[in-house]
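Commentary on secondary and tertiary structure
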Amino acid sequence: MEALPLSTAVTMGGPVVALGGVTLFFLKTYINDQKKRSTSLKLPPEVPGLPVIGNLLQLKEKKPHRTFAKWAETYGPVFSIRTGANTMVVLNSNDVAKEAMVTRYSSISTRKLSNALKILTSDKSIVAMCDYNDYYKTIKRHILTSTLGSNAQKRHHVHRDIMINNITQQFHTLVEAHPSEVVNFRNVFQSELFGLSLKQAIGKDVESIYVEELGAVLSRKEIFDILVTHPMEGAIEVDWRDFFPYLKWIPNEGFEKRLQQMYSHREAVMKALIKEHMKRIASGEEINCYLDYLVSETNTLSEQQMLMLLWEAIIESSDTTAVVTEWAMYELSRNPEKQNRLYQDIQNICGYDKITEDKLCQLPYLSAVFHETLRKHSPVPIVPLRYAHEDAQLGGYHIPAGSEIAINIYGCNMDKKIWDSPEDWNPERFLDRKSDLMDLHKTMAFGGGKRVCAGALQAMLISCMAIARLVQDFKWRLNDGEEENVDTLGLTNTKLNPLLAIIEPRNC
Ligand code: HEM
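Analysis parameters
- Residues numbered from 1 in each chain as written.
- Predicted model: local features only at pLDDT ≥ 70, side-chain atom pairs only at ≥ 80, totals over all residues.
- Heavy atoms only, no water.
- Helix = DSSP H or I, 4+ residues; strand = E, 2+ residues; numbered from the N terminus.
- Rg over C-alpha atoms; globule rule 2.2 N^0.38 Å.
- Buried < 20%, exposed > 50% of the residue type's maximum accessible area, 1.4 Å probe, protein only.
- Contact = heavy atoms within 4.5 Å.
- Areas by Shrake-Rupley, 256 points an atom, 1.4 Å probe, with all protein chains shown as cover.
- Lys, Arg positive; Asp, Glu negative; His and termini not counted.
- Charge placed at Lys NZ, Arg CZ, Asp CG, Glu CD.
- Donors = N, O, S within 2.8 Å, 3.2 Å for Na, K, Ca; no water.
- Disulfide = S-S within 2.5 Å.
- Pairing = 2+ DSSP bridges.
- Axes fitted to C-alpha atoms, helices over the stretch in contact; angles between N-to-C directions.
- Parallel < 35°, antiparallel > 145°, perpendicular 65-115°, else oblique.
- Left-handed = near helix turned anticlockwise from the far one by under 90°.
- Nonpolar A, V, L, I, M, F, W, Y, C, P; charged D, E, K, R; others polar.
- Expected span 1.5 Å × (residues − 1).
- Phe/Tyr/Trp six-rings, centres within 6.5 Å; stacked < 30°, edge-to-face > 60°.
- Near = heavy atom within 4 Å.
- Polar contact = N/O pair within 3.5 Å; in protein donor to acceptor, adjacent residues only side chain to side chain.

Looking only at helices and strands, the protein features 17 helices and 14 strands. Compactness check: the protein gives a C-alpha radius of gyration of 26 Å against a globular reference of 23 Å for 508 residues, within 12% of the reference. Based on the C-alpha atoms only, the size of the protein along its principal axes is roughly 95 × 60 × 55 Å. Put simply, the protein has 508 residues, and 50% of those count as buried. Restricting the contact set of the protein to residue pairs at least 6 apart, pairs at least 24 apart contribute 71%. Carbon together with sulfur atoms contributes 56% to the accessible area of the protein, which is approximately 24400 Å² in total. Both charge centroids of the protein, one from 58 positive and one from 62 negative side chains, sit 5 Å from each other.

Dropping the structure here:
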């Protein structure tokens, strides 16, 4: 094509440039108007605190989600607090949480990690703690394709079947050996869930492993502690420098030593596991698992990134699903009529056959038990903190750039405006709702928007299958004194004391 003569270009360019100029002028005026309107909005109400430390003393108890929900009754669903030098905006209702997770996500997609989480996540190198960027998009695709997406979950169903059979088998063995003695639910369930996490992540369960850096053979329990228990404890370690960033030059040796030790032990164990399985891969033995997928599908990840992604799959699979299932079994053991209703439903659909995953969608009461437990015992009570990297609006308030944002899922799930008697555990409340029975997002438990939980399907399949099989095989009741054991600990609302129950095999 011949080039346009300069004169023609100028004649044509004149109006275009003029039009562009006018458009730009209106755009600029519009943006300025929007900015003015947003800054003319009020700031969220502040919870009164003390000079310098702000509200820190009021948050001494390690369950801020409960304190926040209480404050919401006085200050409304959006309020701000001061944690030392930082301003934190706390969101406590479904509407405003959805606004933050969906509509305004682009202004608040950046994570604000505590010093402990920065160390444990190798500075945001796992999916759940990453900022929204190209690295995030790549690794999210990897975990969904290989492990957590619906096709991957279909491929992994054999691990779930084995896990559920092992669990029921172990309870049968326990009860046969010691009839009417209490069983510890967590001991059995957590160990089997860890086995499943390892199979999905690296291909096989492990009994023990030699860890060169530690110069020792570690038992399965020691591996579990290093990969799961200790990092979960470390994640809620408080470093006072989080609240006073201008003092970050002062060392906090005790904190740094504890976290560095957790980091290096985890790294040593993960390296040992990966090394063993790289030998397997080199020998030609392939297994459908995350490690084999990462080795064959990616050549852009560093060794350290791969290690972190595999560890992420292990820790996230091993914890929250156990938390929700243990609470569900606690509630069913405490409520014999509801347990009986669930048992009758399962009998009606399955007869004397053992439940299988394809029957789940025919069991609305089971789904209601799962969602009501997620609501009342929200395993992730507060979404890992984000911050507004630009001025934003939430709930009709102006949120200045730099504010930390805490989405209080527990507060949303206990909001009296939405849930009648939210303190009651009442699965029936989910039977009235005209929604898809298998809809995983009836509560805020799994978050929402682009960062919605990637493991929700896996959590639902494992938890619902375990609950159903355990109720199909046994009648559950709480051990004496167990009813009052409702205290929680840790990052994920774990029951403080493991569930102790008395189980009686049903005639089937
Ligand atoms: C009952 C069980 C579970 C609950 C209540 C839960 C809850 C959540 C919540 C609230 C988030 C959103 C965080 C945010 O918005 O920043 C999340 C994210 C995530 N969860 Fe879960 N989770 C559960 C089970 C699992 C399981 C079994 C896995 C398996 C590995 C998993 C993997 C993830 C990942 C990878 C993300 C990050 C998603 C992203 O940022 O795109 N979760 N989870």
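Attention now goes to the environment of Lys-204. As for its position among the elements, Lys-204 is in the loop between α8 (185-202) and β5 (208-211). Residue class for Lys-204 comes out partly exposed when judged on its relative accessible area of 35%. Among residues more than four places away in sequence, those in contact with Lys-204 are Leu-198, Lys-199, His-277, Arg-280, Glu-285 and Ile-287.

Turning next to the coordination of the iron atom of the ligand. Coordination of the iron atom of the ligand by the protein involves just one donor, Cys-453 (SG), at a distance of 2.3 Å. With respect to the element layout, Cys-453 can be found in the loop between α16 (409-413) and α17 (456-473).

A word on unusual backbone geometry. Even without being glycine, Ser-122 reaches a positive phi, approximately 50 degrees. One non-glycine residue, Asp-123, lies in positive phi territory at about 50 degrees. Turning to its location among the elements, Asp-123 is positioned in the loop between α4 (115-120) and α5 (134-148).

Here a disulfide denotes a covalent bond joining the sulfur atom of one cysteine to the sulfur atom of another. In the structure shown here, the tally under the stated rule is zero disulfides. Looking at the unpaired Cys-130, the closest cysteine sulfur is the one in Cys-453, lying at 16 Å. Here Cys-412 stays free of any disulfide, with the sulfur of Cys-453 as its closest cysteine sulfur at 16 Å. Accessibility expressed as a relative area gives 0% for Cys-412, which makes it buried.

Moving on: the sheet that holds strand β14 (residues 500-505). Note on sheets: strands pair through backbone hydrogen bonds, and any given pair is parallel or antiparallel. Taken together, the three strands give an open sheet; going across it, the order is β4-β14-β11, and neighbouring strands pair in antiparallel fashion. A strand with exactly one partner marks an edge of an open sheet, and here the two such strands are β4 (183-184) and β11 (474-478). By the bridge criterion, five bridges tie β11 to β14 in an arrangement that is antiparallel. The residue of β14 that forms the bridge with Lys-475 is Glu-504.

At a minimum axis distance of 10 Å, the contact between α8 and helix α13 (residues 320-334) shows a crossing angle of 150 degrees. Taken as axis vectors, α8 and α13 run roughly antiparallel relative to one another. The two elements α8 and α13 cross, and the hand of that crossing is right-handed. Contacts between α8 and α13 involve Phe-185, Arg-186, Phe-189 and Leu-193 on the former and, on the latter, Thr-321, Ala-322, Thr-325, Glu-326 and Met-329. Considering only residue class, the contact of α8 with α13 consists of five nonpolar, two polar and two charged.

To continue, consider helix α15 (residues 364-376). Over its 13 residues, α15 runs 18 Å from end to end, which matches the ideal 18 Å to within 8%, given 1.5 Å per residue. Across the 13 residues of α15, 12 count as buried, placing the element largely inside the fold. For α15, the full list of buried residues reads Tyr-365, Leu-366, Ser-367, Ala-368, Val-369, Phe-370, His-371, Glu-372, Thr-373, Leu-374, Arg-375 and Lys-376. Where α15 is buried, its residues touch α13, α14 (336-350), α16 and α17.

Attention shifts here to the packing of aromatic side chains. In total, this model carries 16 aromatic pairs according to the counting rule given. Look at Phe-171 and Trp-476: their rings are 5.6 Å apart centre to centre, the planes differ by 80 degrees, and that puts the pair in the edge-to-face class. Taken together, the residues span a long stretch of sequence, with Phe-171 in helix α7 (residues 157-177) and Trp-476 in strand β11 at a distance of 305 residues. Take Phe-171: its relative accessible area is 0%, and that puts it in the buried class. Residue Trp-476 is classed as buried on the basis of its relative accessible area, which comes to 2%. An angle of 80 degrees between the planes, with centres 5.0 Å apart, marks the rings of Phe-194 and Phe-224 as edge-to-face. Placement of Phe-194 in helix α8 and of Phe-224 in helix α9 (residues 220-234) is noted, with a sequence separation of 30 residues between them. Accessibility assignment for this pair places Phe-194 and Phe-224 in one class, buried.

Residues in close proximity to the ligand total 29 residues, the closest being Arg-111, Tyr-136, Lys-140, Arg-451 and Cys-453. Between the ligand and Tyr-136, the relevant distance is 2.4 Å, taken from an oxygen atom to a side-chain nitrogen or oxygen of the residue. In the model, an oxygen atom of the ligand is placed 2.7 Å from a nitrogen or oxygen of the Arg-386 side chain. When residues of the shell around the ligand are traced back to their parent elements, those giving at least two are α5, α12 (303-318), α13 and α17. When grouped by side-chain class, the residues that make up the shell around the ligand number 16 nonpolar, six polar and seven charged.

This part takes up the pairing of strand β2 (residues 86-91). With five of six residues buried, β2 is to be regarded as a mostly interior element. Pairing of strand β1 (residues 78-83) with β2, which is carried by six bridges, proceeds in the antiparallel orientation. Note that in β2 the partner of Arg-82 across the bridge is Thr-87. The antiparallel hairpin formed by β1 and β2 contains two residues in its connecting segment, where Gly-84 sits at a positive phi of about 65 degrees. Of the strand pairs in this sheet, β2 and strand β10 (residues 404-407) are connected by four bridges, and their pairing is parallel.

Remark: a regular strand shows side chains that alternate across the two faces of the sheet. Of the two faces of β5, the one lined by Ile-209 and Val-211 is fully buried and the one lined by Ser-208 and Tyr-210 carries no buried residue. Where β5 hands over to strand β6 (residues 216-219), the hairpin turn is made up of four residues, of which Gly-215 adopts a positive phi near 60 degrees.

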